Amino acid sequence: YQRRVHGADINVVVRGALMEPIRKLQWATHFKKLRGPSPLDPSVIVDDLVTPCSPGDPAAFEATLKTIDPKMLVAPIIGMNDFLAVLCNSRPSVSPEDVKRHTEFTELYGQEG
């Protein structure tokens, strides 16, 4: 699968991918505990950090974003799947007709117009 991608399209996909962890947090019904540096003192390792997970995860417990202590919340890391999810639901911002008009203009008047 290949499509023409323009600067505006890349901008939309990157911004959308940056929002995916927020969406995961908002829609999460299950979380799991993690071990890691305390948000209050990174030199201290704690065992009660939480991050969203699948209900099928063996360590999952039922909760919502509203019931989780915000200081102990670990946002999901942005990954390739986040970009693919946004890309699958986005449309090109420039139509093939726009590209054709631009190409014809450039051929007639050059880059500087």
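Computed from a prediction, not measured in an experiment: that's the story for all the values here.

Whenever I open this one, the overall build of the protein confuses me. Can you help?
Secondary structure assignment for the protein yields three helices and three strands. Listing the helices and strands of the protein from first to last along the sequence gives α-β-β-β-α-α. For the protein, the spread of C-alpha atoms along the principal axes amounts to about 65 × 30 × 25 Å. Looking at the 113 residues of the protein, the share that counts as buried comes to 23%. Restricting to contacts in the protein with at least 6 residues of sequence separation, those with at least 24 account for 61%. Counting every atom, the protein has about 8,700 Å² of accessible surface; 59% of that belongs to carbon and sulfur. Taken as two groups, the 13 positive and 14 negative side-chain charges of the protein have centres that lie 3 Å from each other.

Help me understand the confidence of the model for the protein, please; the structure alone is not making it clear to me.
Low pLDDT marks stretches whose predicted atomic positions should not be read closely. Of all residues in the protein, 94% have pLDDT values of 70 or greater, and the mean over the chain is 88. Per-residue pLDDT, averaged within each element of the protein, yields its smallest value for helix α3 (residues 96-109) (85) and its largest for strand β3 (residues 61-62) (97).

Looking at this model, I keep getting lost on the packing of aromatic side chains. Mind explaining?
The geometry of an aromatic ring pair is captured by two quantities: the separation of the ring centres and the angle between the planes. Summed over the entire model, instances satisfying the criterion amount to one aromatic pair. Seen in terms of ring centroids, F105 and Y109 are 4.9 Å apart; in terms of plane orientation they differ by 45°. Their pairing is tilted. In this pair, F105 and Y109 both sit in helix α3, four residues apart, roughly one turn of the helix. Judged by its relative accessible area of 40%, F105 is partly exposed.

Looking at this model, I keep getting lost on the sheet that holds strand β1 (residues 30-37). Mind explaining?
An order of β2-β1-β3 is seen for the three strands of this open sheet, with the pairing classed as antiparallel. Here the strands that pair on one side only, and so sit at the sheet edges, are β2 (45-52) and β3. Pairing of β1 with β3 involves two bridges; the strand directions are antiparallel. The residue bridging H30 from the neighbouring strand is E62, located in β3.

Which parts of the structure should I look at to understand the environment of P92?
Position of P92 among the secondary structure elements: in the loop between α2 (80-88) and α3. For P92, a relative accessible area of 43% translates into the label partly exposed. Separated by 57 residues in the primary sequence, P92 and R35 place their C-alpha atoms 41 Å from one another.

Would you mind going over the pattern of salt bridges with me for this structure?
Evaluation of the coordinates by the stated rule reveals five salt bridges. As a salt-bridge pair, D57 and K32 come within 3.1 Å of each other at their nearest N and O atoms. Of this pair, D57 sits in the loop between β2 and β3 while K32 is found in strand β1, placing the two residues 25 residues apart along the sequence. Exposure remark for D57: the relative accessible area of 22% places this residue in the partly exposed category. Accessibility expressed as a relative area gives 25% for K32, which makes it partly exposed. One salt bridge in this structure joins D47 and R35, with 2.7 Å as the shortest N-O distance. Of this pair, D47 sits in strand β2 while R35 sits in strand β1, and the two are 12 residues apart along the sequence. Residue classification places R35 among the exposed positions, given a relative accessible area of 63%.

What counts, and where the lines are drawn
Residues numbered from 1 in each chain as written. Predicted model: local features only at pLDDT ≥ 70, side-chain atom pairs only at ≥ 80, totals over all residues. Heavy atoms only, no water. Helix = DSSP H or I, 4+ residues; strand = E, 2+ residues; numbered from the N terminus. Buried < 20%, exposed > 50% of the residue type's maximum accessible area, 1.4 Å probe, protein only. Contact = heavy atoms within 4.5 Å. Areas by Shrake-Rupley, 256 points an atom, 1.4 Å probe, with all protein chains shown as cover. Lys, Arg positive; Asp, Glu negative; His and termini not counted. Charge placed at Lys NZ, Arg CZ, Asp CG, Glu CD. pLDDT = per-residue confidence, 0-100. Phe/Tyr/Trp six-rings, centres within 6.5 Å; stacked < 30°, edge-to-face > 60°. Pairing = 2+ DSSP bridges. Salt bridge = Lys/Arg side-chain N within 4 Å of Asp/Glu carboxyl O.

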